[in-house]
Amino acid sequence: QSRTTFGFCNDTNRLVDTRELLQAAKAHSLPGLGVCMSRDELLQALRESREEIGAELEPDEFMNSKKSHEVQSMSEVVACLAQRCGVKQVIDVGSGKGYLSSFLSLQYGLRVYGIDSSTTNTHGAQERNRKLKKFSRVYQKHRKAVKAQGEATHSPQEELVEIKLGMNGDDDVLYGDGAGVVSQEEEKVLIGLSDVNPAVESHSEPNPDTEELFLSALSVDVIQTTSPRVPSSQLSGEERERRKRENLERKAQNRTDVTSTVFSPLTSYVTAETELRELINELEDAVMVGLHTCGDLAPSTLRMFVAKPELAAVCSVGCCYHLLSEEFDPAGQECLRGVCGFPLSQCLRDGSWFCGRNARMSACLALERVSLGQGIQMESLFYRAVLHVILRDHYSSFKSEKRVGNVYSKAKSFVDYVRRALRRLELDESKLSDSDIQDYHDTYRPRMGEIHAFNMLKVALAPCIEGLILLDRLCYLKEQV
């Protein structure tokens, strides 16, 4: 009997023992190697002998979407890191639309600088941040108004807590407002927010999930409660002067407070050579973070952390491994500015390690999601595979710089899919009749099970490839010590 290695026959190199392969894959993933800790263990270690930060927030109480869960989970880790390092500033690299940055600022009172290379993203982050802050005020009013309908003793003059945290020189103050309904302008704020269902209307019942997402995201120390409003005509001259003086003092104080705990979006392409102090005049010691740092941005973030003494800690969650540039991949593209994303460590560089695009694509697959029946559209992969056969047979194994893209979601049938793909590739679709295209589909349909099995193997190996990429980054950081 032939011996096997990881389930593959040593003589034929064919997979003969799937169970052995799966056991080896599990053993060589990060959890199997025992080189990582859970998020809860990390938080416990960071909080050791230290004060808890804010109230414990349970994601299932007010965050439904994937993005909300990620932001809440990561922000708690970042806040603990900042406290552990004794810093109040955060630099969010690749901040995009500012989801993480806004939450860190509002929930944990951190001064956040979001840096993104896209001007569009920066402008979007500024607008979203402005609306997010208005949103809390709108829902405070809306919630109170709905509650008032069931309270006969409720006074229409009862004052509500209002939050106005503007940007770029607006009146950044917190004060009470007696209005008890949502105005047309404020309703637009609700509809304009990217995370809110456009169907929300001012007279509908408040959505507790959406409501809690934004209201719970506001730190207690930025909400100021007020006593019931008394019309100014009923106040004495002395009382009016006293209130006027207090309002002026409160405005001045709140401008100071907001300046120290706001999110400031910036547009810049940053590398390890970038002088952060030229971008951020008020820069102090800070934690550098990145949520979904795409492709080479994740290794660039680590290089910046190593190169900048003002960065006290780094918290990076990379993604899009297929976009990583590789120094030693013979089929890879030339690295941008001569700096590649993999490998980072001298250990792997000495061995000229590379993964290749197919392996990096596999690293993007989430084993946990696939095990729940999510994450892979088998029919889409089948369509793409048969399309390649058609290109091979009728277009001389045609290769193009153009991408087919997400044609599957728009296609009504396989024939429609192929037609759309050929047009996208600017190929002559008249070569094939609809029946010719359908024949390909019918011929290869019985082999769809092979597509399924192949992709399940890719998914099983995904944690190993991702583990290699992440361990390379960890090794790079340890080499700097």
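Residues numbered from 1 in each chain as written. Predicted model: local features only at pLDDT ≥ 70, side-chain atom pairs only at ≥ 80, totals over all residues. Heavy atoms only, no water.

J.: What should I look at first to understand helix 5 (residues 66–85) in this one?
T.: Residues separated by three or four positions in an α-helix point in the same direction, a consequence of the helix having 3.6 residues per turn. Over its 20 residues, helix 5 runs 29 Å from end to end, which matches the ideal 28 Å to within 8%, given 1.5 Å per residue. Counting buried positions along helix 5 gives 14 out of 20 residues, so the element sits mostly inside the fold. Two residues or fewer after helix 5 comes Gly 86, characterised by a positive phi angle close to 70 degrees. (Helix = DSSP H or I, 4+ residues; strand = E, 2+ residues; numbered from the N terminus. Expected span 1.5 Å × (residues − 1). Buried < 20%, exposed > 50% of the residue type's maximum accessible area, 1.4 Å probe, protein only.)

J.: I'm lost on the environment of Val 404 in this one. Help?
T.: Position of Val 404 among the secondary structure elements: in the loop between helix 16 (378–394) and helix 17 (414–424). The buried category is assigned to Val 404, whose relative accessible area is 10%. In the structure, Val 404 is positioned 19 residues away from Arg 423 in sequence and 9.0 Å away in space, judged by C-alpha atoms. Those residues in contact with Val 404, other than ones at most four positions away along the chain, are Arg 384, Leu 387, Tyr 417, Ala 421, Arg 424 and Leu 425. (Contact = heavy atoms within 4.5 Å.)

J.: I would appreciate a short explanation of the nonpolar core in the present structure.
T.: Looking at soluble globular proteins, one finds that nonpolar side chains tend to be buried together. Grouped together as the largest cluster of nonpolar side chains are 28 residues, with contacts concentrated most on Phe 414, Tyr 417 and Val 418. Mapped by element, the contributors of at least two residues to this core are helix 16, helix 17, helix 18 (434–444) and helix 19 (448–479). Counting residues per element, this core draws most heavily on helix 16, at eight residues. Here Tyr 417 is in contact with Tyr 383, Arg 384, Leu 387, Val 404, Val 407, Tyr 408 and Ala 411, once residues within four sequence places are set aside. Of all hydrophobic cores here, the second largest spans 24 residues; its members include Val 77, Leu 104, Val 287 and Cys 315. (Core = buried A, V, L, I, M, F, W, Y, C linked by side-chain atoms within 4.5 Å.)

J.: Any chance you could explain the pattern of salt bridges here in plain terms?
T.: One side chain can pair with another of opposite charge once the charged atoms of both are near each other. Per the stated rule, a full pass over the model turns up twelve salt bridges. Here Glu 379 makes a salt bridge to Arg 445, at a shortest N to O gap of 3.8 Å. Of this pair, Glu 379 sits in helix 16 while Arg 445 sits in the loop between helix 18 and helix 19, and the two are 66 residues apart along the sequence. One salt bridge in this structure joins Arg 419 and Asp 434, with 2.7 Å as the shortest N-O distance. Taken together, the residues span a long stretch of sequence, with Arg 419 in helix 17 and Asp 434 in helix 18 at a distance of 15 residues. The class for Arg 419 is buried, based on a relative accessible area of 13%. Asp 434 gets classed as partly exposed once you look at its relative accessible area, which sits at 44%. Sharing partners across several salt bridges, the network here consists of Arg 39, Asp 40, Arg 47 and Glu 76. (Salt bridge = Lys/Arg side-chain N within 4 Å of Asp/Glu carboxyl O.)

J.: Can you help me understand the environment of Ala 27 in this one?
T.: For Ala 27, the position within the fold is in helix 1 (residues 18–27). What makes Ala 27 partly exposed here is its relative accessible area of 37%. Separated by 437 residues in sequence, Ala 27 and Cys 464 have C-alpha atoms that sit 8.8 Å apart. Beyond its immediate chain neighbours, meaning those up to four positions away, Ala 27 contacts Gly 32 and Leu 33.

J.: Can you help me understand the pairing of strand 3 (residues 89–93) in this one?
T.: Both faces of the sheet carry side chains from a regular strand, because those side chains alternate between them. For strand 3, the tally of buried residues reaches five of five residues, placing the bulk of the element in the interior. Neither face of strand 3 is open: one carries Gln 89, Ile 91 and Val 93, the other Val 90 and Asp 92, and all of them are buried. Across five bridges, the pairing between strand 3 and strand 4 (residues 111–116) is parallel. Residue pairing for strand 4: Gln 89 is matched across the bridge by Arg 111. Of the crossover connections in this fold, the one passing from strand 3 over helix 6 (residues 99–108) to the parallel strand 4 is right-handed. For strand 3 and strand 8 (residues 286–294), the ladder comprises four bridges, and the chain directions are parallel. Across the sheet, residue Val 90 finds its bridge partner in strand 8, namely Val 287. (Pairing = 2+ DSSP bridges. Right-handed = clockwise from strand over helix to strand, strands pointing away.)

J.: Sorry if this is basic, but what is going on with helix 3 (residues 39–47) here?
T.: Those residues of helix 3 that sit buried are Leu 43, Leu 46 and Arg 47. On an axial view of helix 3, the arc spanned by its buried residues comes to 90 degrees, and they lie on one face. (Arc of directions from axis to C-beta.)

J.: Mind showing me how you'd approach the confidence of the model for the protein here?
T.: Do not read the predicted coordinates in detail wherever pLDDT is low. When the pLDDT values of the protein are averaged, the result is 75; 65% of them are 70 or greater. The model gives residues 152–208 a pLDDT under 50, and that stretch makes 120 contacts with residues more than four places away or in other chains. (pLDDT = per-residue confidence, 0-100.)

J.: Hey, could you run me through the packing of aromatic side chains in this one?
T.: To describe a pair of aromatic rings, you give the distance between the ring centres and the angle between the ring planes. Enumeration over the complete set of coordinates arrives at six aromatic pairs. Ring geometry for Phe 103 versus Tyr 108: centroids 6.4 Å apart, planes at 65 degrees, classification edge-to-face. A centroid spacing of 5.5 Å and a plane angle of 70 degrees characterise the contact between Tyr 383 and Tyr 408, whose relative ring orientation is edge-to-face. With a gap of 25 residues between them, Tyr 383 in helix 16 and Tyr 408 in the loop between helix 16 and helix 17 connect regions that are remote in the sequence. For the pair shown, Tyr 383 and Tyr 408 are each scored as buried. Members of the aromatic cluster, joined through ring pairs, are Phe 382, Tyr 383, Tyr 408, Phe 414 and Tyr 417. (Phe/Tyr/Trp six-rings, centres within 6.5 Å; stacked < 30°, edge-to-face > 60°.)

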